[in-house]
Every structure is written in C-alpha cells, then in structure tokens.
Amino acid sequence: MTRESPELLSVCRRWFDAVQQKRGKEVQNILIDKDHMLFIGTGEDELWSGTAVRAGIADFFGSIPTIIKQEETFGAAYEYGRVGWACFTHNVVLAHNPDKVFPVRNTLIFTLEDGFWRMVHRHGSVPLPNEEFVGSKQTAIADLVAAAAEGFAIDQTDGFASIMFTDIVNSSGLASVMGDCLWTSVVSEHFKQLQAIVEKASGQFVKSLGDGTLSSFPKPEYALDAARNIHESIKRSGGPAISVRVGIHAGSVVRIEDDFFGTVVNKAARITAIAAPNETWVSDVMPKQVSGKAHYHFVEAGLFELDGFEGEHLLWSLK
C-alpha cells in the first residue's frame, strides 16, 4: 500500500542540507553505488548514469557557489514496499548573485538497500540555463563518465567495444577424466579468477558460455592486458592442468541490457574457436588499434576462413 513517508522526508531534507553545507561525503553516501543510478541536472546535457555519478557527486555540488539561503516551499514523500519517491521545491539564493532568488525543483527516487533508503534517481531543474544559474558549466560527473565508459551513454544501444571470448581446450575429455563433480568445481574457480582479471582490466564480464566466457572492454589495450593476465594466471595456478584459447575482435557492437550482439561479437567467437591452445588470437584490427605501443607484440597466425564470414581473414597471435 502506498503511504506518506516521514522517514523519506527526513532523508531528503538531510540530503538537501548536506548539499547546501557542502558535506560531500554525506551527499555521496545517500546515493546508491550501482550502475542503475540516474542523475539529471539542470543543464541541457546533464544526463548521467552509473557509479560515476556517486563518485563525482561531491565535486559536482562542491563546485556550485555557496548556497546562502535554501527555503523549502514544497515537500512530499511516499513509499510503497521497498521503493520510495519524493518531490521538493526550494527558493535558493547563491553567494555569487545574492539579489536573485532561483526556484529549484527536485524529483527523487529511492530504494531500500540493507535497511537504508538509497537514492537511485535525481532530477533537478530550474527555469533558466544552468550556466546562468550557477555561473559556470558543471563537468565533474561528465568527466568521470567519459573516463570510465567511452562506449555507451544512457540512451545508447550501440558503441565501440573490444570483445573477448575464452574457451577451455578439450573440456569434454578433462571432464571425463576428473568426473563431473570435480570438473564443475574447477570450471567455477576458473571463471571466478577470470572475472576478477577482466574487471581489474576495466572490462565487463558479460557471461559464461558452457566452458567459455564473453567479456567486453572499452579500450583494445584493456582486452589485450586481460588476455595476457589470464594465461599467466593459469600458469601460476598450480591446480589441474587446463589450456585456454582466447579470441579478440573490436568494432561497433549492439548492447541490449547486459549482453552484446552483432558481427563483431560473432567474429570474436569464430576467432576463439580456431585459436591455438594457450594463445590469444586477434583480428587484423587489433594491432592497428594499439599501433605505436611497444609492449604489444603480434606474430602473424595466418589467413583463415571464418564460419559465417566471406573470404579469408588475417589473424594474429598476441605474444
């Protein structure tokens, strides 16, 4: 049942007070630290999502001129189960323009996380351009998003990415020797290690596929670094001997929710299927993408036909 929420009113008012007093850590802590965090500012291009919002929120509000007056003219909050929402209006006076009162409107959406209300969406607006409102353009979150993402904006479903597949060589034979129980444990641990390597390299571990995996990276060098580290990790593991082949291709992909589709994904999968054990094979575009970076060395693997693609394709082995 939907009901008024005095608790959420208190949370919101504490947040507005923290913004006014520039208590950055408190402002940050009320936001959820998830990819589905959404933030809409007062400027035309201020639409951001993801963990970069939380990381940049203190600098964003910290760069606004000091708020010398913040008078609440309307406030209401409601909750329904684990979801809550609120709407506020304020008359705000800023230090750089003490003779002008700005009407500011905020819509806030919350969810319960570990017993605490966390903000998952904020929409702020004023009836004039943001630069006129605060005296400068706010870029803190935009800079973080640009540095962290490079691929997909909130309203995009396509963009550039480097796609990496991995595949355990002779998995059926190994499973037969080890038995299903032990083999399942080995594969599960392998995936955990691989996911950690991918995420450390600023990639996204998209999913496992039987005895293989699919990951995406915003930069080609991130994918190449992850591939090297995967092979090194297997050598150092000391566990059951497994061989992994890796295939990488880069280009424009389609993203639907947390999965990736398109010819780039398909070609990366085909490259992986024919790669040599314990090696990373890449498409012809990968050496070009990191040209001039001396720590990446490639050896020509040859010309190959790829199922579903016309002609022969030059592939390279990462060394």
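Looking at an unreviewed UniProt entry, the chain carries the name Nuclear transport factor 2 family protein, with the source organism given as Lutimaribacter marinistellae.

## Remarks on the nonpolar core
In this structure, Trp-15, Phe-61 and Phe-110 are the most contacted members of the largest nonpolar core, which totals 34 residues. Elements supplying a minimum of two residues to this core: helix H1 (6–21), helix H3 (51–62), strand E4 (67–80), strand E5 (83–94), strand E6 (97–113) and strand E7 (116–125). Here this core gets eight residues from one element, more than from any other, and that element is H1. If near-sequence neighbours (up to four positions away) are discounted, Phe-61 is found in contact with Trp-15, Val-19, Lys-22, Val-27, Phe-39 and Arg-122. If you look at the next biggest cluster of nonpolar residues, it comprises 32 residues, including Phe-191, Ala-223, Val-244 and Ile-248.

## Quick look at the packing of aromatic side chains
Scanning the entire structure with this criterion turns up 10 aromatic pairs. Between Phe-39 and Phe-61, the ring centres sit 6.2 Å apart and the planes meet at 65°, which makes this aromatic pair edge-to-face. Of this pair, Phe-39 sits in strand E2 (residues 38–40) while Phe-61 sits in helix H3; the two residues are 22 residues apart in sequence, bridging distant segments of the chain. Their ring planes at 85° and their centres at 5.1 Å tell us that Phe-60 and Phe-61 sit as a pair that is edge-to-face. Take Phe-60 and Phe-61: they sit in the same class, and that class is buried.

## Here's the deal with a nonpolar patch on the surface
A contiguous nonpolar surface patch, about 440 Å² in accessible area, is contributed by Tyr-78, Tyr-80, Val-83, Trp-85 and Ile-109. At the level of secondary structure, the elements contributing two or more residues to the nonpolar patch comprise E4 and E5. One can find Tyr-80 in strand E4.

Cut-offs and rules
- Residues numbered from 1 in each chain as written.
- Predicted model: local features only at pLDDT ≥ 70, side-chain atom pairs only at ≥ 80, totals over all residues.
- Heavy atoms only, no water.
- Core = buried A, V, L, I, M, F, W, Y, C linked by side-chain atoms within 4.5 Å.
- Buried < 20%, exposed > 50% of the residue type's maximum accessible area, 1.4 Å probe, protein only.
- Helix = DSSP H or I, 4+ residues; strand = E, 2+ residues; numbered from the N terminus.
- Contact = heavy atoms within 4.5 Å.
- Phe/Tyr/Trp six-rings, centres within 6.5 Å; stacked < 30°, edge-to-face > 60°.
- Patch = residues over 30% accessible without salt bridge, like charges linked within 9 Å, V, L, I, M, F, W, Y side chains within 5 Å.
- Areas by Shrake-Rupley, 256 points an atom, 1.4 Å probe, with all protein chains shown as cover.
- Salt bridge = Lys/Arg side-chain N within 4 Å of Asp/Glu carboxyl O.

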